[in-house]
Amino acid sequence: MNSPLSLFFGNRAAVIALACLAVITLLALGASLIYPQSPWKMVGAPFQPPAWGGHLMGTDMLGRDIAAGLVHGARVSLLIGLVSTAIALLIGVGIGAVAGYFGGLVDDILMRFTEVFQTIPSLIFAIVLVAIMGPSINSIVIAISVVSWPSVSRLVRAEFMTLRRREYVESSQVLGLPGWRIMLTDILPNAMAPVIVTATLMVATAILMESGLSFLGLGDPDMISWGYQIGAARTMLRAAWWMSFFPGVAIIITVLCLNLVGEGLSDALNPNLKRKKP
Amino acid sequence: MNRLSYLIGRLVKGVFVILAIGVLAFLVIRLVPGDPVAVIAGKSGAVDAEYMDNLRQKLGLDQPLVVQLGIFLKGLVQGDLGQSYRQGAPVSAIILERLPATLLLTLSASAISILLGVLAGAMAARRRGTWADSAIGTLALLFYATPLFWMGLMAILLFSLVLGWFPAFGMVSADMRYEGIRHVLDVLHHLIMPMTILGLFYMAVYARLTRASMLEVSEMDFVRTARAKGLPESYITRRHILRNALLPIITFAGIQAGHLIGGTVLIETVFGWPGIGRLAFDSLLQRDYPVLLGIFIVTSAMVVIFNILTDLLYTLVDPRIEVNK
């Protein structure tokens, strides 16, 4: 009855958010089916306000369909959010696991290293990295991963530090199993719950950061994205509010849903931490 | 160990962190394939060969990497962040000139977000389960998911372009030369929108944190004792619950400092606020990498200083904390 799965699906907000994310993912995957033409292509007169029957979300200064850009932009946002989180998890889990398992000097060195990365304001760090590597989808993914792994590594380290003292770990050590095997098969699976929750929230943060970078003109010039759409619409605020309004709403909905799913997962995976009823 | 030696210890550690960040900045620009001088000088082609030769010599690029790093760090310790070739002035001077505007914006945004966030969170905790609680919770979730720059644009659309209440751009009215109190009021008038937008995100964070923290504290034994003594509920909330619930908020303010300073790049760009964030955007457009790297180091140093201050504040507020830990 109280399995994590049933706890999660008992949380109405989280389930609705998950369904919402599924729809966004489907739209992103089917972008080329829904809007077969390139989102950069002119489809009508410029500055058309949103209208039923016409262009649902209006057109921009070059007569491009905002809705088409939105659907194609979802790909970029989701792709960058997922891939950069995956890379950040690899780095963060690796460093955190080694620091927490071995402790001592290794831990000290790795944690000072992590602290340095954590001190630098992440958006500014990401801006510098993308600016120097040149704006492309790869450099954006690298930049977001480089600035987001420290929180994972601190979390994983804390988990490993408590778990390595457990009896089942000590028994594996007595058996003479190599350290990497103990970390991978004995400790890591038990440390995954908080990592999964953090990962969900990291995807949300990554999407926000990508939109910020694209807004500043550091997006991949070949790919349309929500942040780019808002940035391009900045100077047209008075003439065409819809150009910046809808991409912003798309970001909010996606990030909000990811946060709600993350909270649902957190409550489901750590039922002990769930705020007690009075 | 007393507070003074603790403070010195923290400062020394802070200096090392800043030096490490300097090394990182040095490596970032050199790990990129290609001629670092070309990277530093920009790819625009607007730079002549003589300048590049000078730069090469100044950076000591003919020397081994370790020697180069030494030169760079020596400059850093002396407060020399290099030259901006676009503006023909030392990077440190350019940044210093923009620093007050950014400090005004970030400090006022922090103040307003902590103040209103704690108030909203305390209200939600006291009226737990009522419509006020859910309204605050929903708003907090919404602000937490909204991109700062988008909220800024929408605020400009509504409050500047439609309603005409606040100026959309800059820190002072360009066509007026106000003096004294009129000048202060003019700056405040320009400050309200960027400060509020920057603050809203953190207000959401603080509201959620305060609520959770207060609910946790309110279940502790000393609160039950206070209730058993028959103290009025509002007194218990203020003196017993809120005071203790504020501790995690101080920690969090320190953690969020870097995030807040990063956010100024977006907010200052949207509102044309003449601070470091806007400078970062301009240097980005002009490929003025020395300035960008200078901002990288200076903003990191700001975070280090802010963290030292919150640590100190923590030991003052909570006497249980051992300073030598």
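See the structure shown above.
So, how was this worked out
- Residues numbered from 1 in each chain as written.
- Chains lettered and ligands numbered in written order.
- Predicted model: local features only at pLDDT ≥ 70, side-chain atom pairs only at ≥ 80, totals over all residues.
- Heavy atoms only, no water.
- Helix = DSSP H or I, 4+ residues; strand = E, 2+ residues; numbered from the N terminus.
- Contact = heavy atoms within 4.5 Å.
- Areas by Shrake-Rupley, 256 points an atom, 1.4 Å probe, with all protein chains shown as cover.
- Buried area = accessible area lost by both parts, 1.4 Å probe.
- Salt bridge = Lys/Arg side-chain N within 4 Å of Asp/Glu carboxyl O.
- Polar contact = N/O pair within 3.5 Å; in protein donor to acceptor, adjacent residues only side chain to side chain.
- Nonpolar A, V, L, I, M, F, W, Y, C, P; charged D, E, K, R; others polar.
- Buried < 20%, exposed > 50% of the residue type's maximum accessible area, 1.4 Å probe, protein only.

**Student:** Can you break down the overall build of chain B residue by residue, with the values?
**Tutor:** Broken down by element type, chain B carries 13 helices and 2 strands. Taking as baseline every contact in chain B between residues at least 6 positions apart, the subset at least 24 positions apart corresponds to 73%. Summing over all exposed atoms, chain B offers an accessible surface of approximately 16200 Å²; the carbon and sulfur share of this is 66%.

**Student:** Describe in detail the interface of chain A and chain B, supporting the description with residues and values.
**Tutor:** Residue-level contacts link 40 residues of chain A with 47 residues of chain B. The largest per-residue losses of area from chain A upon contact with chain B belong to Ile132(A), Arg234(A) and Leu237(A), which jointly make up 16% of the total buried on that side. The residue Arg208(B) makes a salt bridge to Glu263(A) at a minimum N-O spacing of 2.2 Å. Connecting chain A to chain B are 5 residue pairs in polar contact (both at pLDDT 80 or more). Among the elements of the structure, helix 5 (104-119), helix 6 (122-133), helix 9 (179-215) and helix 11 (241-269) of chain A are those that each provide at least two residues to the side of chain A that touches chain B. For the side of chain A that touches chain B, the element with the most residues is helix 11 of chain A, which contributes 12 residues. Of the residues contributing to the side of chain A that touches chain B, the split by class is 27 nonpolar, 7 polar and 6 charged.

**Student:** How would you explain the side chain of Thr210(B) if you had to name every residue and give the values?
**Tutor:** Counting through the fold element by element, Thr210(B) comes out in helix 8 (residues 180-217). For Thr210(B), a relative accessible area of 0% puts it in the buried group.

**Student:** Any chance you could break down the pattern of salt bridges for me, citing the residues and the numbers?
**Tutor:** All names here are of chain A. The tally for this structure, following the rule as stated, stands at 10 salt bridges over all chains. Residues Arg112 and Asp108 are paired through a salt bridge, measuring 3.7 Å at the closest nitrogen-oxygen approach. Taken together, the positions of Arg112 and Asp108, both in helix 5 and 4 residues apart, correspond to about one turn of that helix. Overall, the relative accessible area of 40% leaves Arg112 in the partly exposed class. Residue classification places Asp108 among the partly exposed residues on the basis of a relative accessible area of 40%.

**Student:** With reference to specific residues and values, describe the side chain of Asp107(A).
**Tutor:** Locating Asp107(A) in the fold gives a position in helix 5. What Asp107(A) contacts, discounting residues up to four positions off in sequence, is Ala99(A) and Arg157(A).

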